[in-house]
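Commentary on secondary and tertiary structure
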Amino acid sequence: MSTDLQKYSTENQLETIRRYAEQRGYTIVHVFEDSGRSGLRMDGRDGLQSLMLKVQSGTADFEAILVYDVSRWGRFQDADEGAYHEHVCSRAGIRVHYCGEQFDNDGSIGSILLKNVKRVMAGEYSRELSVKVFAGQCRLIEHGFRQGGPAGFGLRRLLIDEGRNPKGELGRGDRKSLQTDRVVLIPGPADEIEHVHSIYSMFVEHGKSEREIALELNRRGISSDLGRPWTRASIHQILTNEKYIGNNIFNRVSYKLKQRRVVNHRDTWVRADGVFPSIVDHALFERARAIIDARGNHYSDEELLTLLQTVLKEEGALSGLIIDERDGMPSSSLYRYRFGSLLRAYTLIGYAPDRDYRYIEINRYIRESFPALLAEIVAGLRNAGGFVACDPLNHLISINGEFTASVVLARCFETPAGSLRWQIRFDTGLAPDVTVAVRLDRSNDRPLDYYILPSIDMNTNRIRMAEDNALSLDAYRFETLDFLYSMAAQTAFREVA
């Protein structure tokens, strides 16, 4: 259940399922529930993931799965995704029953057609709902209502009813409780407004940089709205966000149907000007924005690279933080915009960070060790009795003419907090049936473990792994490749038989 609609409340669903079970003599032994979770993707749906893990691992101690209706698998944008989960259950000998549908899931032509139609309808419902919700959000923005996010330093969120009557100020993390209530921005405490004015004055009239302003506020013991010390970025946000002049802006970034995060062009932003009380003079705000725009627009590519060389000569190294903290220097975001990335800009001036040398060495090791590892896997498959062919160009392994496998090496990298991470990229162009993901250890000089990942279970072109992963991933983890070899032996035996 992703909403509080009465029809799909978990209590109502479970009551319908229990009546269905009693009528057919079933005993309910497990209940898997994803309350308050979106059905657009499998991510975050621990209940469904646990259910499918039991089915796929062969540890299921039940003979049937009772589901409220076809859409409860999920309102996937790909209708085949819901069909796949039911197929996995059917393949394991577990029949799926839809308790709230007007047909029996008996494999007849009629039931198959109805299920496919309902799966498409479920995905279309989410798509249409997304369009309606977005249109509603745009209308609310145009009417001057705030859509999500903290108010920011110097501002506060005010809860109002449908008649625009004030109901009370919302604290950080507070949310409205009634659907008809709305939220608007109002000026915050007088001392915070005074500090906002001081920030603009120091920047526009006294020519101080964002970093200098942050240092000055921290010296005075003034904290940001998050209760943290000021940084260049937090000062920059105050100088560039139009909410301080009363403008309401929406749709800068979108993540519709949880498919892909998109940074939208300025022309697609939804805006309403002058709908909140302004705490900064409009002319002063425009002067600040003009100064910021001038810092980037008046530099040619050659001038930007010359400045970068100067910083490298004086600092001895380069990073986004060094660039952003440098007085009279354009921000690192401008370099990313002009040259595609900071590393690309570094390359143009002949600079390679030390950490990138380590990265290059690791990549060199991976390239050099891959052929030997591939040969070892092929030899193991053949020793197990499999008939193996390996394409010399793309290294795709064909096993017994029944399935294909691709081998990928995943290097280990460490987060700033000291945690280990691996990123697995799938060869989607080769479309292998199985991907053998070899995770390297912390030193990246030998294999740590292996993951045997069926492509039918992977609905993305990459996954990010931690030291400890979800049960759905750990089910595919092996210390050795004996499982893959046994797969080859079993299919070879069937061919011989």
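All of the points below concern the structure found in this document. As the structure is a prediction and not an experimental result, all values here were calculated from the model.

With antiparallel pairing, the 3 strands of this open sheet are ordered in space as β4-β3-β5. Edge positions in the open sheet fall to β4 (166-170) and β5 (182-187), since each of these has one partner strand only. Strand-to-strand twist across the sheet, computed as the mean angle between neighbouring axes with direction ignored, equals 35°.

As a further point, take the environment of Ser57. Secondary-structure assignment places Ser57 in helix α2 (residues 46-57). Taking relative accessible area as the criterion, Ser57 reaches 42% and is therefore assigned partly exposed. When the C-alpha positions of Ser57 and Tyr476 are compared, they lie 9.9 Å apart, and in sequence the two are 419 residues distant.

Counting 33 residues, the largest nonpolar core has Tyr200, Trp230, Tyr244 and Val280 as its most contacted members. Looking at this core, the elements that each hand over two or more residues are β3 (155-160), β5, α5 (190-205), α6 (210-219), α7 (232-240) and α8 (282-297). Considering each element in turn, this core owes the most residues, 7 residues, to α5. If we skip the residues at most four places from it in the chain, Tyr244 touches Gly152, Phe153, Leu155, Val196, Tyr200, Gln237, Ile238, Ser278, Ile279 and Val280. Counting 25 residues, the second largest nonpolar core, distinct from the first, contains Phe370, Ile377, Val438 and Leu484.

Moving on, we come to the environment of Glu86. Summarising the element assignment, Glu86 is placed in helix α3 (residues 79-91). Take Glu86: its relative accessible area is 9%, and that puts it in the buried class. Residues Glu86 and His97 lie 11 residues apart in sequence; the distance between their C-alpha atoms is 10.0 Å.

Another point: the sheet that holds strand β13 (residues 412-414). Across a sheet, strands are paired by hydrogen bonds formed along the backbone, either parallel or antiparallel in direction. As summarised here, the arrangement of the 3 strands in space is β13-β14-β17, forming an open sheet in which the pairing is antiparallel. Sheet topology places β13 and β17 (462-466) at the edges, where each strand pairs with a single neighbour. Between one strand axis and the next, the sheet turns through 30° on average, direction left out of account. Two strands pair when backbone bridges link them, and β13 and strand β14 (residues 420-425) are joined in this way by 3 bridges, in the antiparallel orientation. Across the sheet, Glu414 pairs through a bridge with Leu420, a residue of β14.

How each quantity is defined
- In every chain, residue numbers begin from 1 and rise along the written sequence.
- For this predicted model, a pLDDT threshold of at least 70 governs which residues receive local features, and a threshold of 80 or more governs which side-chain atom pairs are given and counted, while totals over whole chains, interfaces and linings are taken from all residues.
- Only hydrogens and water are set aside; all other atoms, that is, all heavy atoms of the structure, feed into the side-chain values.
- Two strands form a pair only when DSSP identifies at least two bridges running between them.
- Where helices and strands are cited, they refer to DSSP runs of H or I of at least four residues and of E of at least two residues respectively, numbered from the N terminus.
- Fitting a line to C-alpha atoms yields each axis, with helices limited to the stretch in contact; the angle taken between N-to-C directions then spans 0 to 180 degrees.
- The buried label applies to any residue whose accessible area, calculated with a 1.4 Å probe on protein chains only, is under 20% of its type's maximum; exposed applies above 50%, and partly exposed to all values in between.
- What is meant by a nonpolar core is a set of buried Ala, Val, Leu, Ile, Met, Phe, Trp, Tyr and Cys residues, joined one to another through side-chain atoms within 4.5 Å.
- A contact between two residues is defined here by any heavy atoms of the two lying within 4.5 Å.

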